[in-house]
Amino acid sequence: MAYTIRKPLTDRLLNAWGILVFIYLFLPIAVIVAYSFNNGKVLASFQEFGFDAYANGLENDVIVATVFTSLQAAVGSAIVATIFGTIGGVALARAKRGMWWAVGLTVVLGATLFTPEIVDGIAFLPWFVTLGVDWGLTPFNDGMVRLVISHAMFSMAVVTFIIRARMAGMNRQLEEAAADLGANAWRRFRDITLPIAAPGIFAGALMSFTLSLDNTILSSFVQLPGSTPWPVYIFAAVKVALRPEIAAISTLMFLLTLIALGVCALALRRTGGSSTEIIKTMAG
């Protein structure tokens, strides 16, 4: 005779609550995806199913330029943030407990994460104007340079903490053994430290890339004419009327993010990490 073990009422209620939370979070995305197949002129009025919105969006030079600007800024900020974040993360992981510079760096990076983006934007704007106009440093008058620097500053802390979390459990005896065998500092870093930190570096780069793609507030302060990113363009379009092309391109950007997440998870899986380790690495 088979017996069925029933879950306690609290577990069933928690499962139901979790399902409702996921529906609440993902329902707006599902609506945008559905309305991206609207052949009408206005997003809010679904008239006919079709792919006109995708065709019109990809043929719109302004939309394509803003998407390309966002991708350029995201790649540039990911490179900058990953380089400096890796250096900072490795340094923090190797620092002895209580060292003043490690504590100070952690506080500064933490403050960067918790500072409202509007405060960062207000701070960056006069700084860029001072450097580019008053001091004559022309690179700071370029809109793309401004976007890369500001986005990298915001995501550098995330990359640093991810790398530090990845390196926290590293066995220092591996490097000591390599040193005993005659390996110099660069060889030890290349053959031991870098492979161990690689999953965290990859996850940090991806996180920096995605944070830059949807950065609206900071971008609206530092962007210049000719370097308007996609989120700022959407924010301006909301003031008039949202067209189906906005939903179509937003859906493509969402798919791009999902692909990037999938590639990152696959890379982390191939390093031998479990699902729990992958989530810890991605979350820092």
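Residues numbered from 1 in each chain as written. Predicted model: local features only at pLDDT ≥ 70, side-chain atom pairs only at ≥ 80, totals over all residues. Heavy atoms only, no water.

What the protein contains, in helices and strands, is 12 helices and zero strands. When the helices and strands of the protein are placed in sequence order, the string is α-α-α-α-α-α-α-α-α-α-α-α. Across the 284 residues in the protein, those meeting the buried criterion constitute 36%. Within the protein, counting contacts between residues at least 6 apart in sequence, those at least 24 apart form 69% of the total. (Helix = DSSP H or I, 4+ residues; strand = E, 2+ residues; numbered from the N terminus. Buried < 20%, exposed > 50% of the residue type's maximum accessible area, 1.4 Å probe, protein only. Contact = heavy atoms within 4.5 Å.)

At a minimum axis distance of 8 Å, the contact between helix 3 (residues 61-94) and helix 8 (residues 185-213) shows a crossing angle of 140°. As far as their axial angle goes, helix 8 and helix 3 are oblique. As helix 3 packs across helix 8, the resulting crossing turns out to be right-handed. In this structure, helix 3 contributes Ser70, Leu71, Ala73, Ala74, Val75, Ser77, Ala78, Ala81, Thr82, Thr86, Val90 and Arg94 to the contact, and helix 8 contributes Thr193, Ile201, Gly204, Ala205, Ser208, Phe209, Ser212 and Leu213. (Axes fitted to C-alpha atoms, helices over the stretch in contact; angles between N-to-C directions. Parallel < 35°, antiparallel > 145°, perpendicular 65-115°, else oblique. Left-handed = near helix turned anticlockwise from the far one by under 90°.)

A few words on helix 4 (residues 100-114). In this model helix 4 runs 21 Å from its N-terminal to its C-terminal C-alpha over 15 residues, within 8% of the 21 Å that 1.5 Å per residue would give. Those residues of helix 4 that sit buried are Ala102, Leu109, Gly110 and Thr112. For helix 4, the arc enclosing every buried residue in end-on projection is 150°, short of the 170-degree limit, so these residues lie on one face. In helix 4, the exposed residues that point more than 90 degrees away from the buried face are Trp100, Val107, Val108 and Phe114. Against the buried residues of helix 4 lie helix 3, helix 5 (117-134) and helix 6 (143-167). (Expected span 1.5 Å × (residues − 1). Arc of directions from axis to C-beta.)

This paragraph deals with the nonpolar core. The biggest cluster of nonpolar side chains holds 12 residues, and these are Ile63, Val67, Ala74, Ala78, Phe209, Leu213, Trp230, Tyr233, Ala237, Ile246, Ile249 and Met253. At the level of elements, helix 3, helix 8, helix 10 (230-238) and helix 11 (244-270) are the ones that each hand at least two residues to this core. Per-element tally for this core: the top contributor is helix 3, with four residues. When near neighbours in sequence (up to four residues on either side) are disregarded, isoleucine 63 contacts Gly57, Trp230, Tyr233, Arg243, Glu245 and Ile249. Listed in part, the 11 residues of the second largest apolar core include Leu131, Met144, Val148 and Val222. (Core = buried A, V, L, I, M, F, W, Y, C linked by side-chain atoms within 4.5 Å.)

Counted by the stated rule, this structure contains 13 aromatic pairs. Look at phenylalanine 37 and phenylalanine 49: their rings are 5.3 Å apart centre to centre, the planes differ by 20°, and that puts the pair in the stacked class. You can see phenylalanine 37 sitting in the loop between helix 1 (9-35) and helix 2 (52-59) and its partner phenylalanine 49 sitting in the loop between helix 1 and helix 2, a full 12 residues away along the chain. Judged by its relative accessible area of 54%, phenylalanine 49 is exposed. Through pairs of rings, three or more aromatic residues link up here, namely Phe37, Phe49, Phe51 and Tyr54. (Phe/Tyr/Trp six-rings, centres within 6.5 Å; stacked < 30°, edge-to-face > 60°.)

It is worth spelling out the UniProt feature "transmembrane region" (unreviewed entry) in the protein at this point. Feature annotation in UniProt places "transmembrane region" (unreviewed entry) on residues 12-37, 71-93, 100-124, 144-163, 192-211 and 246-268, given in this structure's numbering. For the annotated span residues 144-163, helix accounts for 100% and strand for 0% of the residues, and the straight-line distance between the end C-alpha atoms is 27 Å. (UniProt positions renumbered as here; feature names shortened; annotations may be inferred.)

What follows deals with the side chain of asparagine 215. By secondary structure assignment, the location of asparagine 215 is in the loop between helix 8 and helix 9 (217-222). Within the structure, asparagine 215 has its side chain in polar contact with the backbone nitrogen of leucine 218 (distance 3.2 Å). Once residues within four sequence positions are removed from consideration, asparagine 215 is found in contact with Glu117, His151, Phe154 and Pro231. (Polar contact = N/O pair within 3.5 Å; in protein donor to acceptor, adjacent residues only side chain to side chain.)

To continue, consider the pattern of salt bridges. What the rule picks out here adds up to one salt bridge. Of the charged contacts in the structure, one is a salt bridge between glutamate 245 and arginine 243, with a shortest N-O distance of 3.2 Å. (Salt bridge = Lys/Arg side-chain N within 4 Å of Asp/Glu carboxyl O.)

You can see methionine 144 is positioned in helix 6. Ignoring anything within four residues of it in the chain, the contact list for methionine 144 reads Thr69, Gln72, Ala73 and Ser227.

Moving on, we come to the confidence of the model for the protein. With 90% of its residues at a pLDDT of 70 or more, the protein shows a mean pLDDT of 82. For the protein, the element scoring lowest by mean pLDDT is helix 12 (residues 275-283), at 51; helix 3 scores highest, at 90. (pLDDT = per-residue confidence, 0-100.)

Moving on: a nonpolar patch on the surface. Nonpolar side chains collect at one region of the surface, where Trp17, Ile19, Leu20, Val21, Phe22, Ile23, Tyr24, Leu25, Phe26, Leu27 and Val31 lie side by side and expose about 1200 Å² of accessible area between them. For valine 21, the location among the structural elements is in helix 1. With relative accessibility at 31%, the residue valine 21 sits in the partly exposed group. (Patch = residues over 30% accessible without salt bridge, like charges linked within 9 Å, V, L, I, M, F, W, Y side chains within 5 Å. Areas by Shrake-Rupley, 256 points an atom, 1.4 Å probe, with all protein chains shown as cover.)

A separate point is the environment of phenylalanine 254. Relative to the helices and strands, phenylalanine 254 resides in helix 11. Judged by its relative accessible area of 29%, phenylalanine 254 is partly exposed. For the pair phenylalanine 254 and isoleucine 29, spaced 225 residues apart in the sequence, the C-alpha separation amounts to 8.9 Å.

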